[in-house]
Every structure is written in structure tokens, then in C-alpha cells.
Amino acid sequence: AAADNMLADRALLSVALHAVSCASRLSRGVRHEFASKGGVLTKSDTSPVTVADFGVQALVTLFLREHAPADRFRLVAEEEADALARDPELLQTVTGLVNQHYPRASAAAAAAPP
């Protein structure tokens, strides 16, 4: 049983590392593509939220939901998906970014809370 857990932990670590690598590429792409366009919202506490924030959160969530057993992790996310539900253009932008790294992502999956 301990060996099985160790293999499961290694597999989960591999998935997490891949998710972070993809998220990093997404973030770098957003920086280049959206730097001149703004691409920043402001939360109620006046802190900035970028399309990269939403995209990275959605991407990591999708990877973990697909590859990690629900009883092995709990995800706490910073950004609220409600902003995506209220802004179809933002949702389309985030979904497009996520699809570059996770082609099966739908708009509903990108906007789903973690």
C-alpha cells in the first residue's frame, strides 16, 4: 500500500509540474499579447486581476480535476469565476488562452469555480 501511495504521489507531482509549466507559458504569452492592451480588471479591494490570473487558475484547476483523484487534493483559488460569468468577452478571451494549453477546455470549464 505504501508503494502504491508513493507511485500515486509521483504521478500527481508529475501532473502538477506539467500544469505549472503550461500555466507559466500561458502567463508569459499573456504578458506579451496583452501588455499593450491593458487586460486588467480591478477587484472590489482594488487589487488588479489580469486575464493571466484567470487563465492560470482555470488551467491548473482543469489539469488537477482531470488527473488527480478528488480525495487527494483540495484547491483554494484566489479569483472568483463570477467575473467571467458577467463578462462574455473576458470569458471568451480566457477560454481561448486556456485552449492553447488545454485544447479540451470549454467556456463552462474555464469559468467553473475550483
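Caption draft 1: Spotlight on the overall build of the protein. In terms of regular secondary structure, the protein is built from five helices and two strands. For the protein, the N- to C-terminal ordering of α and β elements is α-β-β-α-α-α-α. Buried residues in the protein amount to 33% of all 114 residues. The long-range share in the protein, meaning contacts at least 24 apart out of those at least 6 apart in sequence, stands at 69%. Total accessible area on the protein is roughly 7100 Å²; 56% of this is exposed by carbon and sulfur atoms.

Caption draft 2: Structural detail: the packing of helix α2 (residues 51-67) against helix α4 (residues 88-101). It is the contact of α2 with α4, at a shortest axis distance of 9 Å, that shows an interaxial angle of 50°. Overall, the two elements α2 and α4 adopt an arrangement that is oblique. The two elements α2 and α4 cross, and the hand of that crossing is right-handed. Contacts between α2 and α4 involve Val51, Phe54, Gly55, Ala58, Leu59, Leu62 and Phe63 from the former and Leu90, Thr93, Val94, Leu97, Val98 and His101 from the latter. For the contact of α2 with α4, the class distribution of residues is 10 nonpolar, three polar and no charged.

Caption draft 3: Quick peek at α4. Between the first and last C-alpha of α4 there are 20 Å, a value that for 14 residues agrees with the 20 Å anticipated at 1.5 Å per step. Those residues of α4 that sit buried are Leu90, Leu91, Val94, Thr95, Leu97, Val98 and His101. Looking straight down α4, one finds its buried side chains confined to an arc of 165°; they lie on one side. When the buried face of α4 is taken as reference, the exposed residues oriented beyond 90 degrees from it are Pro88, Glu89, Gln92 and Gln100.

Caption draft 4: Spatial organisation of the environment of Gly29. Looking at the secondary structure, you find Gly29 in helix α1 (residues 2-34). Spatially, the C-alpha atom of Gly29 lies 8.7 Å from that of Leu97, the residues being 68 residues apart in sequence.

Caption draft 5: The side chain of Thr61, seen in detail. Counting through the fold element by element, Thr61 comes out in helix α2. Given a relative accessible area of 6%, Thr61 falls into the buried group.

What counts, and where the lines are drawn
- Residues numbered from 1 in each chain as written.
- Predicted model: local features only at pLDDT ≥ 70, side-chain atom pairs only at ≥ 80, totals over all residues.
- Heavy atoms only, no water.
- Helix = DSSP H or I, 4+ residues; strand = E, 2+ residues; numbered from the N terminus.
- Buried < 20%, exposed > 50% of the residue type's maximum accessible area, 1.4 Å probe, protein only.
- Contact = heavy atoms within 4.5 Å.
- Areas by Shrake-Rupley, 256 points an atom, 1.4 Å probe, with all protein chains shown as cover.
- Axes fitted to C-alpha atoms, helices over the stretch in contact; angles between N-to-C directions.
- Parallel < 35°, antiparallel > 145°, perpendicular 65-115°, else oblique.
- Left-handed = near helix turned anticlockwise from the far one by under 90°.
- Nonpolar A, V, L, I, M, F, W, Y, C, P; charged D, E, K, R; others polar.
- Expected span 1.5 Å × (residues − 1).
- Arc of directions from axis to C-beta.

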